[in-house]
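The residues making up each chain are set out below.
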Amino acid sequence: MKLLRVLPMAKQLLTESVNSGEIVVDATAGNGNDTQFLAGLVGELGHVYAFDIQQAALDSTAKRLGELNSRVSLILDSHENVDQYVNNEIGGAMFNLGYLPHGEDLSIVTKPDSTIDALHKLLNLLKVGGIVSIAVYDGHEGGADERDTLLNFVQSLHQADFQVIKYQQLNRINNPPFLIVIEKMRGLSQ
Ligand code: SAM
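The following refers to the structure shown.

The rules behind each value
- Residues numbered from 1 in each chain as written.
- Predicted model: local features only at pLDDT ≥ 70, side-chain atom pairs only at ≥ 80, totals over all residues.
- Heavy atoms only, no water.
- Near = heavy atom within 4 Å.
- Polar contact = N/O pair within 3.5 Å; in protein donor to acceptor, adjacent residues only side chain to side chain.
- Areas by Shrake-Rupley, 256 points an atom, 1.4 Å probe, with all protein chains shown as cover.
- Helix = DSSP H or I, 4+ residues; strand = E, 2+ residues; numbered from the N terminus.
- Phe/Tyr/Trp six-rings, centres within 6.5 Å; stacked < 30°, edge-to-face > 60°.
- Buried < 20%, exposed > 50% of the residue type's maximum accessible area, 1.4 Å probe, protein only.
- Lys NZ or Arg CZ within 6 Å of the ring centre and 35° of its normal.
- Expected span 1.5 Å × (residues − 1).
- Arc of directions from axis to C-beta.
- Contact = heavy atoms within 4.5 Å.
- Pairing = 2+ DSSP bridges.
- Right-handed = clockwise from strand over helix to strand, strands pointing away.
- Axes fitted to C-alpha atoms, helices over the stretch in contact; angles between N-to-C directions.
- Parallel < 35°, antiparallel > 145°, perpendicular 65-115°, else oblique.
- Left-handed = near helix turned anticlockwise from the far one by under 90°.
- Nonpolar A, V, L, I, M, F, W, Y, C, P; charged D, E, K, R; others polar.

What about the site of the ligand?
Here's step 1: Around the ligand, a shell composed of 24 residues is seen, among which T28, N31, D52, Q54 and S78 lie nearest.
Here's step 2: Contacts to the ligand include D34, whose side-chain N or O atom sits 3.0 Å from a nitrogen atom.
Here's step 3: Contacts to the ligand include S78, whose side-chain N or O atom sits 2.9 Å from a nitrogen atom.
Here's step 4: Surface burial for the ligand is 96%, taken as the share of its 610 Å² of free accessible area covered by protein chains.
Here's step 5: Of all elements in the fold, only α2 (33–42) and β2 (47–52) reach the threshold of two or more residues within the shell around the ligand.

Dropping the structure here:
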């Protein structure tokens with residue numbers, strides 16, 4: 001077995017935990033790589049809700065999706081409002097934090113408070129045995145703050161409810177992303 005890098009590792013874990021026909025969420029559609037991957041995973045009977053606050057990101061995602069667009073709802077809204085669009089149990093979710101690669105305004109980045117709000121809501125919707133993956137980039141302005149807020153939040157999750165894993169390549173230069181993976185271990189009392 002070869003060691004996987006951070007983004008392929010996230011996809012591998014989602015591949016093992018999401019079933020065909022399920023509902024999943026891409027919290028940060030960006031250029032649509034993860035949305036396309038998730039649309040493939042859930043199959044014809046499943047559905048992907050993909051969020052972004054930039055129309056350019058949703059346009060780029062729609063272009064990448066092609067025929068898979070029918071399996072995806074592209075939502076121009078902040079992921080913290082996920083509960084206004086998704087009420088059913090979800091099979092998994094992905095975050096890829098930071099700015100839109102090749103975007104016009106690289107100062108538009110994910111923010112600590114809305115990231116935590118979205119994550120909290122998604123963990124409530126997540127099936128038992130489901131996974132939320134979060135690729136964290138901390139090299140840009142505000143990135144370190146978001147990283148620390150996120151780590152504090154996930155470390156506070158009860159170990160009987162969630163298993164939380166950090167996966168990081170330690171010998172790569174230029175602020176590579178690291179991965180946080182959260183697996184739901186049991187149903188939560190609301
Ligand atoms: N997953 C994407 C892909 O596969 O191409 C890359 C995502 S990119 C690193 C981060 C995206 O998050 C940007 O497109 C940005 O506009 C978006 N974003 C920032 N704040 C957001 C928010 N509050 N809700 C939803 N998306 C947000």
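Moving on from the coordinates now.
Section: the packing of aromatic side chains
Here's step 1: Tallied over the full model, the rule gives one aromatic pair.
Here's step 2: Considering the side-chain rings of F51 and Y85, the 5.6 Å spacing of their centres and the 75° angle between planes classify their relative orientation as edge-to-face. With F51 in strand β2 and Y85 in the loop between β3 (72–76) and β4 (90–96), this pair connects stretches of sequence that are 34 residues apart.
Here's step 3: Note on F51: relative accessible area 1%, which makes it buried.
Here's step 4: Sitting above the plane of the F178 ring, K166 keeps its charged end 4.8 Å from the centroid.

Section: helix α1 (residues 6–17)
Here's step 1: With twelve residues, α1 extends 17 Å between its outermost C-alpha atoms, agreeing within 8% with the 16 Å of an ideal straight helix rising 1.5 Å per residue.
Here's step 2: All of the buried residues in α1 are V6, M9, A10, L14 and S17. Down the axis, α1 shows its buried residues gathered within 135° of arc, on one side only.
Here's step 3: Its buried side turned inward, α1 meets α2, β4, β5 (126–136), β6 (162–167) and β7 (178–184).

Notes on the pairing of strand β1 (residues 23–26)
Here's step 1: Because side chains alternate across β1, one face comprises the buried residues I23 and V25, and the other comprises V24 and D26, equally buried.
Here's step 2: Examined bridge by bridge, β1 and β2 share four bridges and lie parallel to one another. In the strand pairing of β2, I23 is matched with H47.
Here's step 3: In terms of handedness, the path from β1 via α2 over to β2 forms a crossover that is right-handed.
Here's step 4: Bridge analysis of β1 against β4 gives three bridges, and the strand direction is parallel. Looking across to β4, one finds that D26 is bridged to M94.

Focus on unusual backbone geometry
Here's step 1: A positive phi is found at H102, a non-glycine position, where the angle reads about 65°.
Here's step 2: Structurally, H102 is set in the loop between β4 and α4 (112–125).
Here's step 3: Judged by relative accessible area, which is 82%, H102 ranks as exposed.
Here's step 4: Positive phi values are uncommon outside glycine, yet N175 reaches one of about 45°.
Here's step 5: Position of N175 among the secondary structure elements: in the loop between β6 and β7.

Section: the packing of α4 against helix α5 (residues 143–155)
Here's step 1: It is at 9 Å that the axes of α4 and α5 come closest, and there the two elements cross at 30°. If you check the angle between α4 and α5, you find them roughly parallel. Relative to α5, the crossing made by α4 is right-handed. Of α5, the residues touching α4 (which contributes P112, T115, I116, L119, H120 and L123) are D145, E146, T149, L150, F153 and V154.
Here's step 2: Classifying every residue of the contact of α4 with α5 gives seven nonpolar, three polar and two charged.

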